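An overview of the molecular structure
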Amino acid sequence: IVNLPWDKSSKDVLDLNYASEVLNKNHYGLKEVKERILEYLSVMILKEKENIKDSFSRAPIISLVGLVGTGKTTIAYSIAEAIGRKMERIPFGGMGGNALLRGQSRVFSDAEPGYIMKALRRAGTNNPVILLDEIDRVSESSKTDIMGVLLELLDPEQNRNFLDHFIDYPFDLSNVIFIATSNNTKDISTAVLDRLEIIQMPSYTDEEKQAIAKSFMFPQILKESGLSINDLMIDEDVWASIIRPLGYDPGMRSLQRTIQGLTRKIARYIV
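Attention in this report is confined to the structure presented alongside it. Because the structure is predicted, anything quoted here is derived from the model rather than measured.

Looking only at helices and strands, the protein features ten helices and seven strands. For the protein, the residues scored as buried account for 45% of the 271 residues in total. Within the protein, contacts between residues separated by at least 24 positions form 76% of all contacts whose residues are at least 6 apart in sequence. When the accessible surface of the protein is totalled, it reaches about 14,500 Å², and 50% of it is carbon and sulfur. Considering the protein, the positive charge centre built from 33 side chains and the negative charge centre built from 37 side chains are found 3 Å apart.

With 19 residues, helix α2 (residues 31-49) extends 27 Å from end C-alpha to end C-alpha; this agrees with the ideal 27 Å at 1.5 Å per step. The complete set of buried residues in α2 reads V33, K34, I37, L38, Y40, L41, M44, I45 and K47. At its buried positions, α2 is contacted by α1 (16-26), β1 (61-65), α3 (72-83) and β7 (196-200).

Below, the discussion takes up the nonpolar core. Counting residues in each nonpolar core, the largest one holds 41 residues, and the members touching the most others are I75, I179, W239, L255 and I259. Sequence-distant contacts of I259, that is, excluding residues within four places in its chain, are made with A213, M217, F218, I221, W239 and I242. Counting residues in hydrophobic clusters, the runner-up holds 32 residues, among them M95, L120, I130 and V176.

In this structure, E236 sits in the loop between α8 (206-224) and α9 (239-243). Its relative accessible area of 49% is what places E236 among the partly exposed residues. Spatially, the C-alpha atoms of E236 and Q210 are 9.8 Å apart, while their sequence positions differ by 26 residues. Those residues within four positions of E236 in sequence are excluded, and the remaining contacts are Q210 and K214.

Relative to the elements of secondary structure, S10 occurs in the segment before α1. Spatially, the C-alpha atom of S10 lies 26 Å from that of E134, the residues being 124 residues apart in sequence. Those residues in contact with S10 that lie beyond four places of it in its chain are G84, R85, T125 and N127.

What counts, and at which threshold
- Residues numbered from 1 in each chain as written.
- Predicted model: local features only at pLDDT ≥ 70, side-chain atom pairs only at ≥ 80, totals over all residues.
- Heavy atoms only, no water.
- Helix = DSSP H or I, 4+ residues; strand = E, 2+ residues; numbered from the N terminus.
- Buried < 20%, exposed > 50% of the residue type's maximum accessible area, 1.4 Å probe, protein only.
- Contact = heavy atoms within 4.5 Å.
- Areas by Shrake-Rupley, 256 points an atom, 1.4 Å probe, with all protein chains shown as cover.
- Lys, Arg positive; Asp, Glu negative; His and termini not counted.
- Charge placed at Lys NZ, Arg CZ, Asp CG, Glu CD.
- Expected span 1.5 Å × (residues − 1).
- Core = buried A, V, L, I, M, F, W, Y, C linked by side-chain atoms within 4.5 Å.

If you want it as structure tokens, here you go:
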């Protein structure tokens, strides 16, 4: 309890040009998504100049919706980097009860704090970016309970006094930036959707995949595999076969696995 960041906060980097550079450095294309994020940050900058407190408290919560592999999680990390805040991720896939989010009372022998308090403890600040990952993938049996806690988390009027049952003392979450991701919105309750600003993550075209693979993905995978740029060079004519070997895939994961497979073969030849 004493190690929670009750009064420790990080200073925001309120520079739109820097934020734009970070987004462009980490992501190719996604023009509409980047514009929406920069608009969101612009409101924060204006409020800071006017000394309006709780810059994000009245702003809608960003919700990135798109198919697997379209970059929802990575763009959330870029948002945190762009404004200089710590980033923590809470996975919702298969979550089986609201006690995991809200903690369990200390009267139980196996009690422990919830994911929210654990994320704040790891971040060490009371204003991190917390990624609520795959909120549409919670267990069907406990969906109602978890959506109820989400409702409180994402409401600026309620999350000022968020009560974790283990801590048993209200914590102010109004300075936290929550970013949610999901594959679709049909499994999210209407009341939670009402508090989210949906940003659709588009599928990638073959041309975009080729540009991303050549400029971003291939150099990174080479580095991770211990190869140099002289060990493996891919001819321009070969890229089309790498991009679409097995039909259409909206995301980047199949392409990533294909390039990783190539680098492993070259590594074996070299060894």
